[in-house]
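# Structural overview
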Amino acid sequence: MFKIVKREELVPSSVILHEIHAPRVAQKTRPGQFVIVKATETGERIPLTMADTDPVAGTVTIIFMVVGKSTALFASLQEGEGYADLIGPLGRATDIEKVGHVVCIGGGTGIAVLHPIARAMKEAGNRLTVILGARSADFMILKDRMSALADTFISVSDDGSTGKKGFVTDALQETLALGKPELVVAIGPVPMMKAVSEMTRPDGIHTLVSLNPIMIDGTGMCGGCRVSVGDKVKFACVDGPEFDGHAVDFDGLSQRLSAYKEEEQAAMEIHRCRMEAQAANSDQQS
Amino acid sequence: MQEKKSKIQDRHPMPEQPANVRRHNFLEVPLGYGEETAMAEATRCIQCKNPQCVQGCPVAVPIPQFIKAIAEGRFSEGIRTIWEKNALPAVCGRVCPQESQCEGQCILGKKGSPVAIGNLERFLADWERKKGDGSLPEKMAATGKRVAVVGSGPAGLTVAGDLVLKGHDVTLFEAFHKPGGVLVYGIPEFRLPKAIVESEVKTLEKLGVNLVCNTVVGRAVDVKELFEEGFDAVFVGVGAGLPSFMNIPGENLIGVYSANEYLTRANLMKAYDPAYDTPMVVGRNVAVVGGGNVAMDAARTALRMGAESVKIIYRRSREEMPARLEESHHAEEEGVEFMLLTNPLRFDGDERGRLTSVTCKRMELGEPDASGRRRPVPLDGSDFTMDCDLAIIAVGSGANPLLTSSEPEIALNRWGNIEADPENGKTSMRGVWAGGDIVTGAATVILAMGAGRKAATSMHDFLARGW
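- By the naming in an unreviewed UniProt entry, chain B is NADPH-dependent glutamate synthase, taken from Desulfobotulus pelophilus.

- Looking at an unreviewed UniProt entry, chain A carries the name Sulfide/dihydroorotate dehydrogenase-like FAD/NAD-binding protein, with the source organism given as Desulfobotulus pelophilus.

### Remarks on the sheet that holds strand 16 (residues 432-434) of chain B
Residue and element names in this part refer to chain B.
- With respect to topology, 5 strands assemble into an open sheet ordered 3-2-1-4-16, the strand pairing being parallel. For this open sheet the edge positions go to strand 3 (210-212) and strand 16, each flanked by a neighbour on one side alone. This sheet shows a mean twist of 20° between the axes of neighbouring strands, independent of strand direction.
- Pairing of strand 1 (residues 146-150) with strand 4 (residues 233-236) involves 4 bridges; the strand directions are parallel. Opposite Val-150, over in strand 4, you have Val-236 as the bridge partner.

### As for the confidence of the model for chain B
All names here are of chain B.
- With 98% of its residues at a pLDDT of 70 or more, chain B has an overall mean of 92.
- Between residues 1-6, whose pLDDT stays under 50, and residues either more than four places distant or in other chains, the model counts 5 contacts.
- Here the predicted complex carries an ipTM of 0.87, next to a pTM of 0.89.

### Let's talk about helix 3 (residues 110-123) of chain A
Residues and elements named next belong to chain A.
- The end-to-end C-alpha separation of helix 3 is 20 Å, in line with the 20 Å expected for 14 residues at 1.5 Å each.
- Residue Pro-116 marks the point of greatest curvature in helix 3, where the axis turns by about 25°.
- The buried count for helix 3 comes to 11 of 14 residues, which makes it a mostly enclosed element.
- Along helix 3, the residues classified as buried are Gly-110, Ile-111, Ala-112, Val-113, Leu-114, His-115, Pro-116, Ile-117, Ala-118, Ala-120 and Met-121.
- With its phi angle positive at about 100°, Gly-125 sits one or two positions after the end of helix 3.

Rules and cut-offs
Residues numbered from 1 in each chain as written. Chains lettered and ligands numbered in written order. Predicted model: local features only at pLDDT ≥ 70, side-chain atom pairs only at ≥ 80, totals over all residues. Heavy atoms only, no water. Pairing = 2+ DSSP bridges. Helix = DSSP H or I, 4+ residues; strand = E, 2+ residues; numbered from the N terminus. Axes fitted to C-alpha atoms, helices over the stretch in contact; angles between N-to-C directions. pLDDT = per-residue confidence, 0-100. Contact = heavy atoms within 4.5 Å. Expected span 1.5 Å × (residues − 1). Bend = angle between axes of the 7 residues up to and from the residue. Buried < 20%, exposed > 50% of the residue type's maximum accessible area, 1.4 Å probe, protein only.

In structure tokens, the structure reads:
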């Protein structure tokens, strides 16, 4: 078992942080890499890009949003409990080098994935602009840590409850107006990464995106995570998860991500019913 | 089954679940011999002085000896005889292509039907598992040498078993959460129950093999670091796990799977069991592309998942089909249709990106190609489209570069397979051996075991006496 040493609800019952004891993985992980976790024997294998690692304590940090049965199951795990399986580090690490001005854009839980990359970019000596976007102030995770890293920090929210009201693309447009950055890293929902890539395309600004397609083994064996990049089919698990945003077929990716939507909704319904039944049971007993 | 009469007594047929029953369940298809049938079949063996069957076996199991033991009711002794050469008899008795190996060489087969060597091997292994006293093969004194085995498929399990018996301290690394490699993710439950693989692995653990799952060598730890951690030798048996696609339009539609993905979801992740959370597209009209054992496994799994029609699309004729006769025969009995001399051209989907149909072309056979098989040639104007909501691509797999790309000292050939000495499995990197599909390309369980056996022998020499 891979023990959870720290659990935090970044957004109550919706966005959860788990710090998990996995020394071998913690020591080897570099920014941009992911793990596959499986909560129980009968659970699903889910890929999650790490938000942080602590090689000394031997821990890795994942942050996830509860969207379906599997993530709901993860969220139910408390400190001292753990994951049945954790495999990593998987995928290629981000190429970190000093290029000049780097704009890091994070949306939703994508901010968690962006965190170690932004930190490494800063440590490599780049000037760092960080743009974070979220639905509302409640969902703006890691804001303090990210703003501390940034030379320029901008936050936006859909409802204006934190930072400016608007989208990350609005903030990017303002940033681009001040001068052309050498690199843009955008991590978040697929429509956000697509919009950012479209915005940087005319000026040919190198843009990295991190993809999170459906995946099983994470070692290139199943081909389930295939995604069209340029005119080639790539496997996100071994060729990625980061790709050139100007070459990714985002529409194809969105479609493949929806493969099990109906099954997932059904599974979530059943899970919710069971949890409620359990809660009702324990209420009766107490 | 054929009912040809000859002077030689016919072999005892394997009892099986009826086709109309088994196509709806995941239970094993052949039921196995009982004691009486096994003894009767064993008496058919004429105990050749110069047994050809042993020469046909890649790991040289002492076949006449174990058959004699069965004939005389000494089952416990029989299984011990097999164990001397083969750590996985319950597996081999089920999935080896006996017809082209041991049984293919059997002298009785020249005039009638060969001795059912595979069925007998399976009988002994199953008997031991159910009734045996749990005693283990004897181990040699500890040597203090440490061996890392990467990949817990047939090759890795063989190396681990051989070297632990020779007194070495063996650690077996597996990327998945369960050991067994292709035996657990690839071969379906109805052909090889997972409980059997588990029990074979448990035996290795009882012998002292350390099992480390969830660890991708090449990522979590690389080969050089294994030596730094104190291992004295490394065996690489990571298989051929990189699915081939056909690169035709529509292959990224939802409902198009590689056989690896489909079988992994079904077998390892138990999508057929409602207790598991593994989602899977359940097709009504299923097309499986390919003609090998993997294609048969995928087609038969799709039937059991609830498909109404399952078609195998294969571009050559029945004769060239690489699947074992038993497998294609079983598939056909269960209702899988064979569309031979047919090649898919493209997949089509709806506005949500879900597969709806496949368009194919008819083929005819022309001159032999490099593989020696007659080359399929497209027939002009023969295109046709059929409904299809699940397609499984089973056209082979290549070498997975994950480990090899992390260790440049290990030389590869132009297909990305590891170059290893066929005699002993040595690679270009000192202290590193390789065997199985990562060396040969996709092959059979027993060939991987044979390669493991050769490597283990060479590794033992190295550990005992130096390179």
